[in-house]
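Fold and contact review
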Amino acid sequence: MPILQFSSKSHYGLQFIVHLASLKKGKTATLAEVAKKEHISRAYLEEIAALLKKRGIIGSRKGIGGGFYLKCDPRVLSAGAVIEALEGPIVDLACTTKKSICAAESGCLSKGFWRKIKKDIEISLEKVMVGSLINKRKVKNNKSKIIRQKSEMQVHPSEISQSDNFASSKIISRGKD
């Protein structure tokens, strides 16, 4: 088992937030829509949504056109804030807190190391903004679309008619001149 591991709650929570952040302004998404599109259990998504709503990261609207929405600007919402809202403190070592209760604290040689690791992880997660994850998703979706389009454009040689073959040989021979 890895020493540092993020739970599925963090993983799916970020997926949920990125989904909401990618909606057009003023739009909402139901849990059923998100669950289907993101391949997340609706029951698990309800649990995640409740935590995120309690922490003030998302809001909800009832009625026609209702659903969940992101309450803050995705350009300033960090992955670290989402994970911490779902899980609590990201790195929680007794010797890294201000009120350390370690018996070996005064002579501890590794305390500085653990504090640095904790700080580095927190800084890394705070640097990743939800807005940047939306952009990566758009790029990935565009790449997938281009690959699908290219595969649809590929033609088997048996599908080329004599006239197409003649035209392409003329183009190729002109390029050699």
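The model shown is predicted, which means the values in this text are computed figures rather than measured ones. (Residues numbered from 1 in each chain as written. Predicted model: local features only at pLDDT ≥ 70, side-chain atom pairs only at ≥ 80, totals over all residues. Heavy atoms only, no water.)

Moving on to the overall build of the chain. Scanning the chain for helices and strands turns up seven helices and two strands. Starting at the N terminus and ending at the C terminus, the chain contains elements arranged as α-α-α-β-β-α-α-α-α. Within the chain, the proportion of its 177 residues that are buried is 29%. Here the analysis covers contacts within the chain between residues at least 6 apart in sequence; of these, 66% occur between residues at least 24 apart. (Helix = DSSP H or I, 4+ residues; strand = E, 2+ residues; numbered from the N terminus. Buried < 20%, exposed > 50% of the residue type's maximum accessible area, 1.4 Å probe, protein only. Contact = heavy atoms within 4.5 Å.)

Following the sequence through the fold, S78 ends up in the loop between β2 (67-70) and α4 (79-87). Given a relative accessible area of 3%, S78 falls into the buried group. At 2.7 Å, the side chain of S78 and the side chain of E126 are in polar contact. (Polar contact = N/O pair within 3.5 Å; in protein donor to acceptor, adjacent residues only side chain to side chain.)

What follows deals with the pairing of strand β1 (residues 58-61). Where β1 lies against β2, four bridges are found, and the strand directions are antiparallel. Within β2, the position partnered with R61 by the bridge is G67. Joining the antiparallel neighbours β1 and β2 is a turn of five residues, in which G63 adopts a positive phi near 95 degrees. (Pairing = 2+ DSSP bridges.)

This brings us to the packing of helix α1 (residues 8-21) against α4. Relative placement of two packed helices is described by the angle separating their axes and the distance separating the axes. Between α1 and α4, the least distance of the axes is 9 Å, while the angle of their chain directions is 125 degrees. On the basis of the axis angle, α1 is oblique to α4. Of the two elements, α1 crosses α4, and the hand of that crossing is right-handed. Judged by residue contacts, K9, S10, G13, L14 and I17 of α1 engage A79, V82, I83, L86 and E87 from α4. (Axes fitted to C-alpha atoms, helices over the stretch in contact; angles between N-to-C directions. Parallel < 35°, antiparallel > 145°, perpendicular 65-115°, else oblique. Left-handed = near helix turned anticlockwise from the far one by under 90°.)

Membership of the largest hydrophobic core comes to 31 residues, with the highest contact counts inside it found for F16, I17, L52, I57, I58, L70 and V82. Residue assignment for this core shows that the elements contributing at least two residues are α1, α2 (31-38), α3 (42-54), β2, α4, α5 (111-127) and α6 (130-153). If we skip the residues at most four places from it in the chain, I58 touches F16, I17, L20, A49, L52, K53, F68, Y69, L70 and K71. (Core = buried A, V, L, I, M, F, W, Y, C linked by side-chain atoms within 4.5 Å.)

Our focus in this paragraph is α2. When α2 is considered as a whole, its buried residues turn out to be L31, V34, A35 and E38. For α2, the angular spread of the buried residues around the axis is 100 degrees, confining them to a single face. When the buried face of α2 is taken as reference, the exposed residues oriented beyond 90 degrees from it are K36 and K37. Phi turns positive, to about 60 degrees, at H39, one or two residues after α2. (Arc of directions from axis to C-beta.)

Scanning the entire structure with this criterion turns up five salt bridges. We note a salt bridge from R42 to E46, for which the minimum N-O separation is 3.5 Å. Of this pair, R42 and E46 both sit in helix α3, four residues apart, which is roughly one turn of that helix. A relative accessible area of 45% places R42 in the partly exposed class. When the shortest N-O distance is used, the salt bridge between D73 and R75 registers 2.6 Å. By relative accessible area, which is 29% here, D73 ends up partly exposed. Judged by its relative accessible area of 63%, R75 is exposed. (Salt bridge = Lys/Arg side-chain N within 4 Å of Asp/Glu carboxyl O.)

Here the focus is the confidence of the model for the chain. Across the chain, pLDDT averages 79, with 67% of residues at or above 70. Segment residues 155-177 is flagged for pLDDT under 50; beyond a separation of four residues in sequence, or across chains, it makes two contacts in the model. (pLDDT = per-residue confidence, 0-100.)

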